[in-house]
Number of protein chains: 2
Amino acid sequence: MITRDDCARRDAEDALAPLRDQFMLPEGVIYVDGNSLGALPRATPARVAAAVQQEWGDGLIRSWNDAGWITLPQRVGDRIGALVGARAGECVAADSTSVNLYKVLSAAARIVQADESAQAPIAAARRVIVSERQNFPTDLYIAEGLCRALGWTLELLETRAIVERLSGARGADVALLMLTQVNYRTGALHDMAAMTALAHAAGALAVWDLAHSAGALPVDLHGAGADFAIGCGYKFLNGGPGAPAFVWAHPRHAGRFWQPLSGWMGHAAPFTFRPEYEPAAGIGRFLCGTPPVLSLTALECGVDTLHAADALGGMAALRAKSIALTEAFIALVDERCAPLGFAVASPRDARLRGSQVSLTHASADGASHGYAIVQALIARGVIGDFRAGAASDAHGPALPDILRFGFTPLYLRFVDVYDAVEQLVQVMRTGEYREARFNERSAVT
Amino acid sequence: MITRDDCARRDAEDALAPLRDQFMLPEGVIYVDGNSLGALPRATPARVAAAVQQEWGDGLIRSWNDAGWITLPQRVGDRIGALVGARAGECVAADSTSVNLYKVLSAAARIVQADESAQAPIAAARRVIVSERQNFPTDLYIAEGLCRALGWTLELLETRAIVERLSGARGADVALLMLTQVNYRTGALHDMAAMTALAHAAGALAVWDLAHSAGALPVDLHGAGADFAIGCGYKFLNGGPGAPAFVWAHPRHAGRFWQPLSGWMGHAAPFTFRPEYEPAAGIGRFLCGTPPVLSLTALECGVDTLHAADALGGMAALRAKSIALTEAFIALVDERCAPLGFAVASPRDARLRGSQVSLTHASADGASHGYAIVQALIARGVIGDFRAGAASDAHGPALPDILRFGFTPLYLRFVDVYDAVEQLVQVMRTGEYREARFNERSAVT
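None of the values given here were measured: they were computed from a predicted structure. (Residues numbered from 1 in each chain as written. Chains lettered and ligands numbered in written order. Predicted model: local features only at pLDDT ≥ 70, side-chain atom pairs only at ≥ 80, totals over all residues. Heavy atoms only, no water.)

Some details on the environment of Leu105 of chain B
All names here are of chain B. For Leu105, the location among the structural elements is in helix H5 (residues 97-118). Distance in space between the C-alpha atoms of Leu105 and Val207 is 7.3 Å, their sequence separation being 102 residues. Beyond its immediate sequence surroundings of up to four residues, Leu105 is in contact with Ile142, Ala143, Leu146, Leu176, Met178 and Val207. (Helix = DSSP H or I, 4+ residues; strand = E, 2+ residues; numbered from the N terminus. Contact = heavy atoms within 4.5 Å.)

This is the structure we're talking about:
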């Protein structure tokens, strides 16, 4: 049995424990939803206030140069890039994850088409984007949008079927493999190097969404040989609600790729105001319009909270703590919550799991109480979230309702894990979840 | 001769004068660059701080519902829409101007293609987007990007040639007319109704960029019968650096249009997490990814500063003051600056002019000192900006260097106009512009 004292002892021994002081966490709250919206860094309010009052208010238009607004996308992009195995100059912060995904899918599609047109005769026209049916929906919607624009096909498969689809001659019509490294529902973690190699062996390119992995675990884009990547600024990067996203391209594609959202910030010389578009030499061509400076400034503070771990072992140390936290949570759930109908829906092998653990709940009365349980937990100050399941259909099996718990190693303690489980037990023992108020709208993942 | 006392008297009589108190303007600065980046509203710092500390810091993920983040794009969109002749529910705030332009051009192109495919045989394949060579470059780059994606052609013409291009049978291959209502260099104002009617008579759709007109003058999208419009949040709407932009579609296109940036926020039911995209019924389908909440919150404050004029005559009253300010500036330039080599490059007929006046300067020594003069003015606290000209080429005539002065009626006084001209005279009389330091980078328009 893991006791609260055990957890307190582990916190006392945790070299990363001081990193928690970087955050302003509300009194009485255990925040296990940093995989949805990261907590507020202590440095952010003053930094944003300075951007508003000194940079905008006093500096006015001069701040594009004097406060360095004009290079913010590159500056923040480099800081994020250093967390995901990118080199300086390969990554920019811009737009939303969805918009960036459209850019990289367009660029990757263009490369595939250019490679084909260089061959004669073409062995096989590659016009298929393969992804997982369980991928985060906006990724699927964006791929659907691009496929509709290009006359291509989006094929959504169960994870296991993807390997088969890309093997041997069956992959000859596949242009792109689009995957999210960590699944938003289950936390299941792909082997990026293996799946990229699979795509490449099939002659396809690999596009990765790092939404639930950037800042959550070590990512090695170069090591994996990935082609393009995008990711989210407001989850484990703590950039604030709707923070700009980021985008990366492998340098082997530099100068080759093109994308249709060719706005002026991606021009080689935006301030010459020439009527013809000429893309910037490197990753800069993935910029489009004028960046939202206030949100980007907050994102910079968020990314700084991760680099504060650089001297303490960096992402590898954060990953070790993340695994320890999720292992402790799983052990406590097994001990104390299994008898209450809960089961772990995430991979039990930590090497196959991101920084979250999802649970299913089977009620004795057969009804689904997952949403109510999460609401009751929130009322007790334990903030996780709920994702509804789906019935089986022609395309795939049924998905269960899940309760999601994200474990951000920067600010979560082992005692928080213990207390979260204790509250979950109390919610069930008291039956108070039956009184939980329902909210019409769901929260943003 | 206009005297400073005349100007002070006009300020004393100005019913809109109290609106200036809504802004935090630095001491000693005359800000005539609100057409590039609007000034900081007094309400913004506290509002943004509350969004950071209370909504994000304390509310955390709960604020998507509790603080109404989830409806911010619609709420701010409606407030902007009311300034440009849109009805409630027709406008959303989202993404950048460039990204929104890609959406509306895509949607409009799709409508043209759908209309064609409903005819048999097709009278003429419409595959041309017509715009002005002097349009703001990012508009041209985005249209170029879409044309490249669609295999269409972008034709850039001088303004006068557009009328001819769209007249009679010559317009039969034109799909879209894309114009910016107020030219960013000269401030020249299009007759939106007339140009839209011209496009419609040719069988094309009209897409309008309101970057320099929303919040600067009354816009009547419905009255003009426009098809789609987008605009900028950080100029006359005072939303802050890189504030999100807005997008509007005429309701006659509602439910018909489609755009490829089909992110989850534009889904009919984003929180059902279904793998298939189903666009929201109305303008909501122009949303894409998660919105940058902090920047959107600042934009809401900016838009509020315009609605503060509602009880004082609204945009019509602001326009009257804007015209009075620019007329006073032109009169003073004519009186005092013409002998120093300055000439008005903007239309002299106020009905053909937005809320800015651009000047050219011809030096006695033949050299171009426009940039140095603007730098010297900024050193004296008069903040306008400079836009470099261009040599003539095969595509069009030469463009002169210009000094741009934007006149935001919300916070500029008649004495500011007088003092700005006085400083310009001093910069020339002292010759101090010859010492002005050059800055490598230009400011963002």
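Quick word on the interface of chain B and chain A
Every contact between the two is made by 86 residues of chain B and, on the other side, 87 residues of chain A. Between chain B and chain A, a total of about 7500 Å² is buried, with carbon and sulfur atoms accounting for 68% of that surface. Among the residues of chain B in contact with chain A, Trp56, Ile61 and Tyr141 of chain B are the three that bury the most area, contributing 11% of the side total. Taken together, the connections running from chain B to chain A amount to two salt bridges. The closest approach of N and O atoms between Arg133 of chain A and Glu276 of chain B, which form a salt bridge, is 3.6 Å. Connecting chain B to chain A are 17 residue pairs in polar contact (both at pLDDT 80 or more). (Buried area = accessible area lost by both parts, 1.4 Å probe. Salt bridge = Lys/Arg side-chain N within 4 Å of Asp/Glu carboxyl O. Polar contact = N/O pair within 3.5 Å; in protein donor to acceptor, adjacent residues only side chain to side chain.)

As for the pattern of salt bridges
Residue and element names in this part refer to chain A. Applying the stated criterion to the full structure yields 48 salt bridges over all chains. Here Arg256 makes a salt bridge to Asp115, at a shortest N to O gap of 2.5 Å. Taken together, the residues span a long stretch of sequence, with Arg256 in the loop between strand S8 (245-249) and helix H10 (293-307) and Asp115 in helix H5 (residues 97-118) at a distance of 141 residues. Judged by its relative accessible area of 42%, Arg256 is partly exposed. Residue Asp115 is classed as partly exposed on the basis of its relative accessible area, which comes to 35%. (Buried < 20%, exposed > 50% of the residue type's maximum accessible area, 1.4 Å probe, protein only.)

Examining the environment of Ala390 of chain B
All names here are of chain B. Relative to the helices and strands, Ala390 resides in the loop between strand S14 (385-387) and strand S15 (402-406). Ala390 gets classed as partly exposed once you look at its relative accessible area, which sits at 38%. Sequence spacing of Ala390 and Asp401 is eleven residues, and the spatial spacing of their C-alpha atoms is 7.6 Å. Apart from the residues within four sequence positions on either side, Ala390 is in contact with Ala398 and Leu399.

A short note on the side chain of Asn135 of chain B
Residue and element names in this part refer to chain B. With respect to the helices and strands, the residue Asn135 is situated in the loop between strand S5 (128-132) and helix H6 (137-150). By relative accessible area, which is 3% here, Asn135 ends up buried. Side chain to side chain, Asn135 and Ser131 meet in a polar contact 3.0 Å long. Sequence-distant contacts of Asn135, defined by excluding residues within four places in its chain, comprise Leu140, Met178, Leu179, Thr180 and Tyr184.

Thoughts on the sheet that holds strand S8 (residues 205-209) of chain B
All names here are of chain B. Read across the open sheet, the seven strands follow the order S4-S10-S9-S8-S7-S5-S6; overall the sheet is mixed. With one partner strand each, in any of the chains shown, strand S4 (91-94) and strand S6 (153-157) form the two edges of the open sheet. Taking the axes of each pair of neighbouring strands and ignoring which way they run, one obtains an average angle of 20° across the sheet. Across five bridges, S5 lies against S6 in parallel orientation. (Pairing = 2+ DSSP bridges. Axes fitted to C-alpha atoms, helices over the stretch in contact; angles between N-to-C directions.)

Concerning the packing of helix H2 (residues 44-58) of chain B against helix H10 (residues 293-307) of chain B
All names here are of chain B. At their nearest, the axes of H2 and H10 sit 9 Å apart, and the two run at 150° to each other. One element, H2, and the other, H10, form an angle in the roughly antiparallel class. Crossing handedness for the pair H2 and H10: right-handed. Facing Thr44, Arg47, Val48, Ala51 and Val52 of H2, the residues of H10 in contact are Leu294, Thr297, Ala298, Glu300 and Cys301. Of the residues belonging to the contact of H2 with H10, the class tally is six nonpolar, two polar and two charged. (Parallel < 35°, antiparallel > 145°, perpendicular 65-115°, else oblique. Left-handed = near helix turned anticlockwise from the far one by under 90°. Nonpolar A, V, L, I, M, F, W, Y, C, P; charged D, E, K, R; others polar.)

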